[in-house]
Amino acid sequence: MFQRKRKNKPASLRKAAALLKKADNILILTHVRPDGDTLGSAFALMYALEGMGKRVCVACDSKITKKYLFLTGSEDLYPRFKPDFVVTVDIASLGLLGNSLREYSDCIDLAIDHHPTNTMFARWNLIMDKSSAAGVIIFRLLQQMKVPFTNKITDAIYVAISTDTGCFRYSNTDAETLRIAAALLENGARMEYLNQILFELVSPSHVTLQGLALKTLHYFGNGKIAIIRVTRDLIAKAKAADDDIDNITNLARNISGVEVGLLLRETAPNEYKISARSNGDVDVSHICSLFGGGGHKKASGCMLKGEINEVEGRLVTAILNEYFSEEDNRVENAFTSGDSTDF
Ligand SMILES: [Mn+2]
């Protein structure tokens, strides 16, 4: 129904701006399990195009988490009309569209993205892989289109850029990012208000989960490896949602002296999703690749099956063997089962 010939061409800012100026009935697609960058970019672009009198709609395969409802206004974002022009934002590959939006795979006119791994799946592809966020590209694109930066637009771009840079703390925060943030502020972005929603407010279930999860914290390798276990029982006790769990992923790694933080999350009986975080000396993507997973040097993941102590033992042994000296591998650091399983 939407079949079009794919060309997979790169697009400049100028080309992308020209395409959007001509287009109408525009559908903007965001990625599954949406973050602030994909949503902020999509809404900024939507407001800009609506300001030009166009019909625009943002869609997402997943339900929007509470944190971003102030931006989206609804937890369900679905295509409300048959589009004549389809744009993706912050999507590196078609798999990230999710099941309900897969039907658009063959008719994406323009992809706007900053991931170096982008597969150029659209007819035209505006890929700027040095940009800290897709929101940076949206800012440049709206400048190119000479769109007035309304408060709604500056807020949405601020959401995109601040979330992908961890509120301007991550290493992807470059001078351009800060210059754009300054321009957003000058144009009315509500920095303090947005920072509070995005980086300070936590849900009661998150606090409960964090309390229970911290009781499971234990160390190996002279305190260089810290592990937190989140069992299904614990998730049920805290009435925790997925994003509550995501928010505790970095806790173990952030303890001083810790080089690797592991979160073992039980997803099914004897099945664990491992989130590994490193401060940079240990390449956790290497460790996770030993177990069929992968990711980045400082943040990776894998799935493991087995009894929890045995699963943990395999991970710890791999990290100690690959990265740490004999003296860190002392028996006295070993976790004694029972200490942290009955809470
Ligand atoms: Mn992004």
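Just so it is clear, the structure is predicted and the values come from calculations on it, not from any experiment.

S.K.: Tell me what's going on with the domain arrangement of the protein, and back it up with residues and numbers.
M.R.: The domains assigned to the protein are domain 1 (9-200) and domain 2 (204-333). Here the C-alpha centroids of domain 1 and domain 2 sit 32 Å apart.

S.K.: Could you give an account of helix α12 (residues 308-323), with specific residues and numbers?
M.R.: The terminal C-alpha atoms of α12 lie 22 Å apart, and with 16 residues this matches the ideal 22 Å at 1.5 Å per residue to within 8%. All of the buried residues along α12 are Ile-308, Val-311, Glu-312, Leu-315, Val-316, Ala-318, Ile-319 and Leu-320. Buried-residue contacts for α12 involve β7 (218-220), β8 (225-230), β9 (260-268), β10 (271-278), α11 (284-289) and β12 (299-305). The opening residue of α12 is Glu-307, an N-cap whose side-chain oxygen sits 3.1 Å from the backbone nitrogen of Asn-309.

S.K.: So what about the pairing of strand β5 (residues 110-113)? Which residues, and what values?
M.R.: The alternating pattern of β5 places Leu-110 and Ile-112 on one face and Ala-111 and Asp-113 on the opposite face, and all of these are buried. As judged from the three bridges shared by strand β4 (residues 85-89) and β5, these two strands associate in the parallel manner. Its bridge partner lying in β5, Val-87 is registered against Leu-110. Pairing analysis gives four bridges linking β5 to strand β6 (residues 124-127), with the strands arranged parallel. Paired with Ile-112 across the strands is Leu-126, a residue of β6.

S.K.: An account of the sheet that holds β7 is requested, with residue identities and associated values reported.
M.R.: The strand order across the open sheet formed by six strands is β7-β8-β9-β10-β12-β11, and the pairing between neighbours is mixed. Looking along the sheet, the strands with just one partner apiece sit at the ends: β7 and β11 (294-295). Alignment of β8 against β9, held across six bridges, turns out to be parallel. Opposite Arg-229, over in β9, you have Leu-264 as the bridge partner.

S.K.: Just give me the short version of the sheet that holds β5, but keep the residues and values in it.
M.R.: Read from one edge to the other, the open sheet built from six strands follows the order β1-β6-β5-β4-β2-β3, with strand pairing classed as parallel. Looking at strand neighbours, the two that pair on one side only are β1 (9-10) and β3 (56-59), the edges of this open sheet. Here strand β2 (residues 26-29) pairs with β4 via four bridges, running parallel. Paired with Ile-28 across the bridge in β4 is Val-87. Along the sheet face, helix α1 (residues 13-22) touches β2, β4, β5 and β6 and points at about 130° away from the line of β6. Sheet contacts for helix α4 (residues 134-144): β4, β5 and β6; angle to β5, the most-contacted strand, approximately 120°.

Scoring rules and cut-offs
Residues numbered from 1 in each chain as written. Predicted model: local features only at pLDDT ≥ 70, side-chain atom pairs only at ≥ 80, totals over all residues. Heavy atoms only, no water. Domains from an automatic or database assignment. Helix = DSSP H or I, 4+ residues; strand = E, 2+ residues; numbered from the N terminus. Expected span 1.5 Å × (residues − 1). Buried < 20%, exposed > 50% of the residue type's maximum accessible area, 1.4 Å probe, protein only. Contact = heavy atoms within 4.5 Å. Polar contact = N/O pair within 3.5 Å; in protein donor to acceptor, adjacent residues only side chain to side chain. Pairing = 2+ DSSP bridges. Axes fitted to C-alpha atoms, helices over the stretch in contact; angles between N-to-C directions.

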